[in-house]
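Okay, here's what each chain looks like letter by letter:
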Amino acid sequence: MTDIVEKIAEILERGDGRYLIMGMVQAHGLGLRSLADSVDVPVEVLATIEIEGFGKVPHKSLVRKLAEWIEERDLDPEDLVKAGWARFELEYFEPEALEKIEDDELRAEIERKSPTELDLSTLLRVAEALS
């Protein structure tokens, strides 16, 4: 658990909290409010991280709650960041992102759904294709 806590603190400190939260929302399969209830933090806290990205480490109890949620689901925090980044790219830069994706099957799947409807594994494939 300490490794995940440290990893999350590092992610937030480097400013990738936006993508972490977006990835967590995708893994959860429901919206931000539902995720906040599941993590047991106010929705405003997650919304702030998602908007600001951060750049510093928030209170230890918040980092610990995020880590517990991630660990309970056997997820990798860096995979959540990658998935969140991929969703962000598809939401805000879809034409450019689709241009970079060479896999026709993956591109077709993305074109059929909204980025918020894509599952974690698909978003990880998108992240790999875009990087």
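Above this text is the structure in question.
Residues numbered from 1 in each chain as written. Predicted model: local features only at pLDDT ≥ 70, side-chain atom pairs only at ≥ 80, totals over all residues. Heavy atoms only, no water.

(A) Molecular detail of unusual backbone geometry. One non-glycine residue, Asp40, adopts positive backbone phi at about 75°. Secondary-structure assignment places Asp40 in the loop between helix H3 (32–39) and helix H4 (43–52). Exposure remark for Asp40: the relative accessible area of 53% places this residue in the exposed category. In this structure, Asp74 takes a positive phi of about 55° despite not being glycine. For Asp74, the location among the structural elements is in the loop between helix H5 (60–72) and helix H6 (77–92). Residue classification places Asp74 among the exposed residues on the basis of a relative accessible area of 71%. (Helix = DSSP H or I, 4+ residues; strand = E, 2+ residues; numbered from the N terminus. Buried < 20%, exposed > 50% of the residue type's maximum accessible area, 1.4 Å probe, protein only.)

(B) The pattern of salt bridges, seen in detail. What the rule picks out here adds up to 11 salt bridges. Between Lys7 and Glu10 there is a salt bridge, with its nearest N and O atoms 3.0 Å apart. Remark: Glu10 and Lys7 occur in helix H1 (residues 2–13); sequence separation between them is three residues, near one turn of the helix. Relative accessible area serves as the criterion here: at 37%, Glu10 is assigned to the partly exposed category. Notably, a salt bridge pairs Lys65 with Asp40, separated by 3.7 Å at the nearest N-O pair. A residue pair is termed long-range when its members are at least 10 positions apart, and Lys65 in helix H5 and Asp40 in the loop between H3 and H4 qualify at 25 residues. (Salt bridge = Lys/Arg side-chain N within 4 Å of Asp/Glu carboxyl O.)

(C) Representation of the packing of H3 against H5 within the structure. For the pair H3 and H5, the least separation of the axes is 9 Å and the interaxial angle reads 100°. When the interaxial angle is binned, H3 and H5 end up roughly perpendicular. Between H3 and H5, the residues in contact are Leu35, Ser38 and Val39 and Lys65, Leu66 and Trp69, respectively. Here the residues of the contact of H3 with H5 sort into four nonpolar, one polar and one charged. (Axes fitted to C-alpha atoms, helices over the stretch in contact; angles between N-to-C directions. Parallel < 35°, antiparallel > 145°, perpendicular 65-115°, else oblique. Contact = heavy atoms within 4.5 Å. Nonpolar A, V, L, I, M, F, W, Y, C, P; charged D, E, K, R; others polar.)

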